[in-house]
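Fold and geometry: a report
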Protein chains: 2
Amino acid sequence: MKLKLARVEKGLSQQQLAELVGATRQTLGLIEKGKYNPSLNLCIKIAKTLDKTLNDLFWEDDEN
Amino acid sequence: MKLKLARVEKGLSQQQLAELVGATRQTLGLIEKGKYNPSLNLCIKIAKTLDKTLNDLFWEDDEN
DNA sequence: ATCAAATGTAATATATATATTACATAATGC
DNA sequence: GCATTATGTAATATATATATTACATTTGAT
């Protein structure tokens, strides 16, 4: 998943990113694993914190 | 909001778009009004149905 | 091999997105 | 004018994202 790559590129742990976006480590971990369906606001906070856009992290060009 | 513009450009009512994405008219109406925080999956379905991307509909370049 | 940090994961609780039903108003065509 | 379609909105119910707490496993450095 692109999220994990962007996070480690920034040198952040799940814990650190979670704190920066106001979520928990567990939530971040599950989102990275694709195990849940985060809210738009959380996606936006994550993207801004990692200096990415929604499309960068959460959009797949291919599939239909 | 950009969502409403994209929807009317496609000639769809809230009801029609809601059916296409598997949601209700009320949900679509509230999202258009910015009154709730939709899930990523719903945002993706909406974007694909309207031939747009996440950034097109849900990303603001400015703010910070 | 040991220690600490990072991550996985499970149980339960809480907040909130979303559905359902219903009624009201606005807009548009006839 | 009337009928119909689109939209706003409220009450309640349900599903699920997210938090909390806790313990296990992995990874990396020393």
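Data block above holds the structure.
All of the points below concern the structure found in this document.

About the cut-offs
- Residues numbered from 1 in each chain as written.
- Chains lettered and ligands numbered in written order.
- Predicted model: local features only at pLDDT ≥ 70, side-chain atom pairs only at ≥ 80, totals over all residues.
- Near = placed C-beta within 6 Å.
- Helix = DSSP H or I, 4+ residues; strand = E, 2+ residues; numbered from the N terminus.
- Contact = placed C-beta atoms within 7 Å.
- Nonpolar A, V, L, I, M, F, W, Y, C, P; charged D, E, K, R; others polar.
- Core = buried A, V, L, I, M, F, W, Y, C linked by C-beta atoms within 7 Å.
- Buried ≥ 20, exposed ≤ 12 C-beta atoms within 10 Å, placed from the backbone.

This brings us to the protein's contact with DNA strand D. In the neighbourhood of DNA strand D, 16 residues make up the surrounding shell, with Thr27, Pro38 and Ser39 of chain A together with Ser13 and Gln14 of chain B lying closest. It is helix H3 (residues 25–32) of chain B that contributes the most residues to the surface near DNA strand D, 3 residues altogether.

For interface size, the figure often reported is the accessible area lost on association. Listed as interface residues are 12 residues of chain B and, on the opposing side, 12 residues of chain A. Breaking the side of chain B that touches chain A down by element, the ones donating at least two residues are helix H4 (40–49) and helix H5 (54–58) of chain B. Classifying every residue of the side of chain B that touches chain A gives 6 nonpolar, 6 polar and no charged.

Ranked by size, the top nonpolar core spans 27 residues in total, and within it Cys43, Ala47 and Leu54 of chain A together with Cys43, Ala47 and Leu54 of chain B carry the most contacts. Mapped onto this core, the elements with two or more residues apiece are helix H3 (25–32), helix H4 (40–49) and helix H5 (54–58) of chain A together with helix H2 (14–21), H3, H4 and H5 of chain B. If we ignore the near neighbours within four places in the chain, the residues touching Cys43 of chain A are Pro38, Leu54 and Phe58 of chain A together with Leu40 of chain B.

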